[in-house]
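Structural description and commentary
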There are 2 protein chains.
Amino acid sequence: MKLREPALKALKDLFGERLLLAEEDILPYGADASSLFFKPEVVVFPETKAEVSELLRLAESFNFPVVARGSGTSTTGSSLPVEGGMVVSFAKMNRILEIVPEERLARVEPGVLNGDLKNYLKKFGLFYPPDPASYAFSTIGGNVATGAGGPRGLKYGTTKDYVLSLEVALSGGKLLKTGPTTLKGVVPYNLTPLFVGSEGTLGLIVEIVLKLLPLPEKRKLYLVFSPVESKTLELITETLLKGLTPASAEFVDRTTLKVIKEKVEEKVRTDQILKTTESLLWVEFDGRIEEVKRDSGAFEIILEQKGLSFLSADKEEDIEALWEIRRGISPSLFKLGPKKIADDVVVPRRKMVEFLRYLRKLEEESGISIASFGHAGDGNFHVNLLFKEGEEERAKSIRENLLKKVLEFFGSISGEHGIGFSKRPYVVWELDPLQIELMKKLKALFDPKGLLNPHVKLP
Amino acid sequence: MKLREPALKALKDLFGERLLLAEEDILPYGADASSLFFKPEVVVFPETKAEVSELLRLAESFNFPVVARGSGTSTTGSSLPVEGGMVVSFAKMNRILEIVPEERLARVEPGVLNGDLKNYLKKFGLFYPPDPASYAFSTIGGNVATGAGGPRGLKYGTTKDYVLSLEVALSGGKLLKTGPTTLKGVVPYNLTPLFVGSEGTLGLIVEIVLKLLPLPEKRKLYLVFSPVESKTLELITETLLKGLTPASAEFVDRTTLKVIKEKVEEKVRTDQILKTTESLLWVEFDGRIEEVKRDSGAFEIILEQKGLSFLSADKEEDIEALWEIRRGISPSLFKLGPKKIADDVVVPRRKMVEFLRYLRKLEEESGISIASFGHAGDGNFHVNLLFKEGEEERAKSIRENLLKKVLEFFGSISGEHGIGFSKRPYVVWELDPLQIELMKKLKALFDPKGLLNPHVKLP
């Protein structure tokens, strides 16, 4: 046990009923979307920055670990108390503090849900683009801590591109403002991006200032069917080279297609197309009406030239219905096997076809299903190995091979899911000793006692 | 002297004729656009990363200061050898190493000129947006080291938004890659932005990977005349609130107008408008043809409603001719007074009018000319005090008052010019002790002997 009685007493005084200790209450806070489990000793629900500050002061004096938690949607265990100690849920710090339309800024607490913010901003004609698959129920604080991406990354970038400034409670309890909230400002070293994606290891984010964009007037979505798997990937590159920038370009490979075929069939009038389809691509254009009209026209010419069939939608509900198929992939993957290893690797766009071919070869040789899908517009693939009990070792070896291939291509082993606990062994594959040494020195600078999210992110 | 004979000998062996020692050769490297002067002891011109690495190894063993220099366009002395020692000119590391159209990326050496890169990219239909006033002759490395902005910041952001990854030679000579060159990647802590704007104090940038955009098809520029000074500022806010995002919105106040009036008169057919004009605003729209048509139409309606006169241009040469007036401001300011103190402060957009009114009051009370102009779309004003010999103290006091007002508005004392040597006394006004403590700790982590750009950036 990391938390002894005097510490618990001080915490009870601070949080009263907003502190959970009973076994049945704290168990859910030991799990997230990673399938890992580490039992916390205590869970608290701060309501103010001052409370976060105070709990970090207590953590330092009583020497217990502190793990920040949004909605627990991490797929890598970023929000799990690996060493026990305290889980800090930001569920009660969920206020939208301020929207400033003339600055196109929002100031929010970390527990605000991404989807709630998106909806709230509509009345101001404003738009917060990052859209991780979990956006309806994941928190902005969690999105910032992991540097979350999503389909719209292709046109709009990821969370890091929208964080203007942060307030962070540092180890020991001091509150740091990382920079001014004006649109420019080069006075301090730019610390804001250091915290984005740091997975709770450098400080606890207590307030976030986000940059916003005007809400796009119009959307148009295409669902493209290709009889040759790699043709959808080539289509992305060709589209970009023509100077078009879709908001999203989401890919589904042959193996993934199997698990969503029925859902797709409901949408296609004849199943003729689908019989010969190996791969799908969702391509969405958004922006001003004239721009979307022009870009989608140019895109249809490319589709025609390549002889690809497609469905299209331009009404909000039809667009969302087609996207539903894409969002339904992850939960359906278990049809291919009861056990899963999931990665979100990134390769340069010009290596996508070669990478896919490599995965297909691995799949054929091993007999283990390799389902790849996701943000191919950024070269970011969710690669899922699906297998049976007893095939763990073979799956692990396939995973390691594919990660090596990614690094041969000068790619990255994580585009948006982060390292968490589960990918730590592979960090040393991507980073060289100097990079790791600097990460460790930075960790020691911000968290000298190693109390913040221990065993997460760093190798 | 910081550089003694054994160090000089080693450097001569390394650089041969690419080392300057003679008084008349090194003097130009003691000055930049700040009007400050600090004499270097030696100037070297590395051609490779390995040479930069080696000179930093020598600096560490022989304990001499190293100051990085692009084209010396810093207005704050960021590239000056305050303590003497070595100036490292990146003039010979000026190769565009790679353009990857399908990734929309460029890999360049730090000495490449911003304008040269822009021109070179045109043949690929690609675009590097950041456009500091010095873009034709300032280097990408210098732009990155200072976090340079420019008029296009309003729509496109600043240099930091385009740096995907860096290679940096650290104190002692080790080469650090800050991250992968894929479009996504959350494995390491994000160190790239820490170096952007660090003004050479944390490492010497030896290679830069930049994100690019498709080249806009069409531009349309308005030069708006307002009989009431603050109306141009209100126009910006109103335009943004209508959901329009100009590429640039550049403001000129009453005092600045005096020095460019003649140039403006050449463009206006009758001088009737100009007689009643107090303020100018350049507003440019760019993008796809349809988008520019639509947005400029909407903008003209706003202009009409507000009863504002304007000129417009949509041919490249006419657009550039109108922008020439804007670019000619800085050199013309001396008409108002032989001495100048220049700041580039930022205030929230909603405080711009109030800030301008405050400057006018300062001007009236003091009799010293206060010329404000620049990137008002971002709330970023270049405020210039012009005065005569003997008025230094009064000007200094006005400067300090206006910086205090900026900070009262939660603004920043530097939007893009950096701190350099000249603004160091004011850093403690903007940053709190914790922010400064962290900056100093980071400096010590990356440069324990304090050899890189000493007396720059940090208070």
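Above this text sits the structure in question.
Residues numbered from 1 in each chain as written. Chains lettered and ligands numbered in written order. Predicted model: local features only at pLDDT ≥ 70, side-chain atom pairs only at ≥ 80, totals over all residues. Heavy atoms only, no water.

Glancing now at empty space enclosed by the protein. Throughout the structure, instances matching the rule amount to 4 cavities of 30 Å³ or more. Its volume calculated, the largest cavity comes out at about 890 Å³. Considering the residues around the largest cavity, the lining is formed by 49 residues, among which N190 and P193 of chain A together with K160, N190 and P193 of chain B are closest to the centre. When contributions to the lining of the largest cavity are tallied by element, the ones reaching two or more residues are β8 (163-169) and α7 (192-195) of chain A together with β8 (163-169) and α7 (192-195) of chain B. Grouping the constituent residues of the lining of the largest cavity by class yields 19 nonpolar, 20 polar and 10 charged. (1 Å grid on protein atoms, 1.4 Å probe; cavity = no way out; pocket = protein on both sides within 12 Å on 5 of 7 lines; lining within 4 Å. Points joined across faces, edges and corners; volume = space filled by probe spheres on them. Helix = DSSP H or I, 4+ residues; strand = E, 2+ residues; numbered from the N terminus. Nonpolar A, V, L, I, M, F, W, Y, C, P; charged D, E, K, R; others polar.)

So, on to the environment of E98 of chain A. Relative to the helices and strands, E98 of chain A resides in strand β5 (residues 96-100). Linking E98 of chain A and P193 of chain A, residues 95 residues apart in sequence, is a C-alpha distance of 22 Å. Excluding residues that lie within four positions of it along the chain, E98 of chain A makes contacts with L105, A106 and R107 of chain A together with R350 of chain B. (Contact = heavy atoms within 4.5 Å.)

For an interface, size is often stated in terms of accessible area lost upon the parts coming together. Taken together, the contact between chain A and chain B spans 84 residues of the former and 85 residues of the latter. Contact between chain A and chain B buries roughly 6900 Å² in total, counting both sides, with carbon and sulfur atoms accounting for 60%. Note that E416 of chain A and K184 of chain B form a salt bridge whose closest N and O atoms lie 2.8 Å from each other. Counting across the chain A and chain B interface gives 34 residue pairs in polar contact (both at pLDDT 80 or more). In terms of residue count, the dominant contributor to the side of chain A that touches chain B is helix α17 (residues 433-446) of chain A (10 residues). A class-by-class count of the residues in the side of chain A that touches chain B yields 35 nonpolar, 24 polar and 25 charged. (Buried area = accessible area lost by both parts, 1.4 Å probe. Salt bridge = Lys/Arg side-chain N within 4 Å of Asp/Glu carboxyl O. Polar contact = N/O pair within 3.5 Å; in protein donor to acceptor, adjacent residues only side chain to side chain.)

Laying chain A over chain B is done by rotating through 180 degrees and shifting 0.0 Å along the axis; what remains is an RMSD of 0.0 Å. The transformation relating the two chain copies, once decomposed into turn and shift, fits a two-fold axis. (Least-squares fit on C-alpha atoms with pLDDT ≥ 70 in both.)

Hydrogen bonds between backbone groups are what pair the strands of a sheet, and the pairing can be parallel or antiparallel. Residues and elements named next belong to chain A. Overall, antiparallel pairing links the 7 strands, which are arranged β15-β12-β14-β13-β17-β18-β16 in an open sheet. The open sheet has two edge strands with one neighbour each: β15 (309-313) and β16 (339-346). Going from strand to strand, the sheet's axes swing by 15 degrees on average, the running direction of each strand aside. Judged from the 5 bridges that link them, strand β13 (residues 248-252) and strand β14 (residues 279-287) form a sheet pairing that is antiparallel. The residue bridging F251 from the neighbouring strand is L281, located in β14. The sheet contacts of helix α8 (residues 229-241) involve β12 (218-226), β13, β14 and β18 (380-387), and relative to β14 the element is tilted by about 25 degrees. Of the strands in this sheet, β16, β17 (369-374) and β18 touch helix α15 (residues 392-408), which is tilted by about 5 degrees from β16. (Pairing = 2+ DSSP bridges. Axes fitted to C-alpha atoms, helices over the stretch in contact; angles between N-to-C directions.)

Bringing the packing of α17 of chain A against helix α17 (residues 433-446) of chain B into the picture now. At a minimum axis distance of 11 Å, the contact between α17 of chain A and α17 of chain B shows a crossing angle of 150 degrees. In terms of their interaxial angle, α17 of chain A and α17 of chain B are classed as roughly antiparallel. Taken as a pair, α17 of chain A and α17 of chain B cross one another with a handedness that is right-handed. Taken together, the residues of α17 of chain B that come into contact with α17 of chain A (itself represented by L438, K441, L442, L445 and F446 of chain A) are L438, K441, L442, L445 and F446 of chain B. Of the residues assigned to the contact of α17 of chain A with α17 of chain B, the class counts are 8 nonpolar, no polar and 2 charged. (Parallel < 35°, antiparallel > 145°, perpendicular 65-115°, else oblique. Left-handed = near helix turned anticlockwise from the far one by under 90°.)

All right, on to helix α1 (residues 5-15) of chain B then. Residues and elements named next belong to chain B. A7, L8, L11 and F15 are the residues of α1 that are buried. The arc enclosing the buried residues of α1, seen along the axis, measures out at 95 degrees, which places them on a common side. Structurally, α1 contributes buried residues whose contacts are with β1 (19-20), β2 (42-44), α3 (49-62) and β4 (86-89). Positive backbone phi, at 50 degrees, marks G16, one or two positions downstream of α1. (Buried < 20%, exposed > 50% of the residue type's maximum accessible area, 1.4 Å probe, protein only. Arc of directions from axis to C-beta.)

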